[in-house]
Structures are given as structure tokens and as C-alpha cells.
Amino acid sequence: MDAYAHINNVQFLRLLEDARVIAFRDWFDGGGAGDKSLLDEGVLVSRHEIEYRRPLGFRHAPVEIQMWVSRVGGAGFDVAYIVTDPDGVGDDLAGADRPVYAVAETELALYDFASASPRRMRPEERASLRAHVGEPAPFRRRRR
């Protein structure tokens, strides 16, 4: 929380990172194709874009982070997010009526930590990611 009594931008990035760690565990190690190579070899954040929609005040209740793959490339991929309230929190609104605190997208690059160099995506990794592909992040405005 910052001086304005809301969750600040750094904490939003931490929320997104926590969501990625949980999702990647599920997507690539058991819940997904059972392929941990992407996680074992390495993936690095190369870009973040966040559009803040409304302040998220300090609270003990959790937030819900909807997350999906928005782009699959030759040596990386993008992950999109919507930060909102889960069922039973806030005004208890459903679906599109829930407040959206932020929309975000993270660009990730595949990296081989052993050789300290970028690497190309393998077919099995591409298949694991494609199982989670959706639309681009629904930003209101994009940089030009």
C-alpha cells in the first residue's frame, strides 16, 4: 500500500508474478502437458504493460487474476491478465459486472540458463502454451 492508501504499481507486478508462478506450475507440471522443460531451462520477463482501471485498496480479501496466453512466438510468448474480485468478494457481482482493477500483459522470452543465451521454442512447449491461448489483453488504449 502506498501513501494514497491503495495497492501501488510495484505490488501489482508482484501479484502478476505470483499468478504466473501458480499458472505455470499447473500448465507445465502436471495440470498441463506435464512438460517442465520451459520452467527448468528458463523464461525471462522482457516487457510488462499494465493499464490501471481503478484503485485497489488494502484489504485482506483475495483478488482474482484471470490469466491466459495471448501470443505464441518463435522464442517467447505473451501472457494476458485481468485483475478483479473473486466470487463472494466486494459487491458479489458476476462475470463482466465485477470491477476490473487492472488489465496487463507480460512478454516472456525463452532462455537457456545453462548456456546463458536465448533459445527457440520446442514443439511440445508450443503445444502446452496453445492449450491456454486466448485473445489479446483487452486494453482500452494501446501505445502507438
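Rules used throughout
Numbers given for residues are sequential positions, taken from 1 along each chain in its written order. Restriction of local features to residues with pLDDT of at least 70 applies here, the model being predicted, together with a cutoff of 80 or more for giving and counting side-chain atom pairs; totals for whole chains, interfaces and linings are based on all residues. Working from all heavy atoms in the structure, the side-chain values ignore hydrogens and water. The classification of residues rests on relative accessible area computed with a 1.4 Å probe and restricted to protein chains. Under 20% of the type maximum is buried, over 50% is exposed, and intermediate values are partly exposed. Secondary structure follows DSSP: runs of H or I at least 4 residues long count as helices, runs of E at least 2 residues long count as strands, and numbering of each begins at the N terminus. Think of it as the arc spanned by the lines of direction from the helix axis to the C-beta atoms. Each salt bridge in this description consists of a side-chain nitrogen of Lys or Arg and a carboxyl oxygen of Asp or Glu lying within 4 Å of one another. What we call a nonpolar core is a set of buried Ala, Val, Leu, Ile, Met, Phe, Trp, Tyr and Cys residues that are connected through their side-chain atoms within 4.5 Å. Every residue pair with non-hydrogen atoms within 4.5 Å of one another is taken to be in contact. By the convention used here, strands pair only if DSSP detects at least 2 bridges between them. Polar contact criterion, stated in full: a pair of N or O atoms within 3.5 Å, where within protein one must be able to donate a hydrogen and the other to accept it, and residues adjacent in sequence count only if both atoms are side-chain atoms.

Some points on helix H3 (residues 123-130)
Next up, step 1: Of the positions making up H3, those classed as buried are Glu 125, Ser 128 and Leu 129. End-on, the buried residues of H3 take up no more than an arc of 95 degrees, which puts them together on one face. Within H3, the exposed residues directed more than 90 degrees away from the buried face are Pro 123 and Ala 127.

Observations regarding the pattern of salt bridges
Next up, step 1: With the rule as written, the count across this model stands at 12 salt bridges.
Next up, step 2: Here Glu 64 makes a salt bridge to Arg 98, at a shortest N to O gap of 3.1 Å. Placement of the pair is Glu 64 in strand E2 (residues 64-72) and Arg 98 in the loop between strand E3 (76-84) and strand E4 (100-112), with a sequence separation of 34 residues.
Next up, step 3: On the accessibility criterion, Glu 64 (24% relative accessible area) is partly exposed.
Next up, step 4: In this structure Arg 98 comes out as buried when scored by relative accessible area, which is 11%.

Concerning the nonpolar core
Next up, step 1: In this structure, Phe 12, Phe 24, Trp 27, Met 67, Phe 77, Val 79 and Leu 129 are the most contacted members of the largest nonpolar core, which totals 24 residues.
Next up, step 2: Listed by contribution, the elements that provide at least two residues to this core are helix H1 (9-28), E2, E3 and E4.
Next up, step 3: The dominant element in this core, judged by the number of residues it contributes, is H1, at seven residues.
Next up, step 4: Apart from residues lying up to four places away in sequence, Phe 77 is in contact with Phe 24, Leu 38, Val 43, Arg 71, Val 72, Thr 106, Glu 107, Leu 108, Leu 110, Met 121 and Leu 129.
Next up, step 5: Core analysis: the next-biggest nonpolar cluster, separate from the first, contains six residues, Ala 80, Val 103, Ala 137 and Phe 139 among them.

Let's talk about the pairing of E2
Next up, step 1: Judged from the eight bridges that link them, E2 and E3 form a sheet pairing that is antiparallel. Residue pairing across strands places Trp 68 opposite Ala 80, the latter belonging to E3.
Next up, step 2: The hairpin formed by E2 and E3 contains three residues between the paired strands.

Let's talk about the side chain of Ser 70
Next up, step 1: Within the fold, Ser 70 resides in strand E2.
Next up, step 2: The buried category is assigned to Ser 70, whose relative accessible area is 13%.
Next up, step 3: Reaching out from Ser 70, the side chain makes a polar contact with the side chain of Glu 105 at a distance of 2.6 Å.
Next up, step 4: Apart from the residues lying within four places of it in its own chain, the contact partners of Ser 70 are Asp 78, Val 79, Ala 80, Glu 105, Gly 134, Glu 135, Pro 136 and Ala 137.

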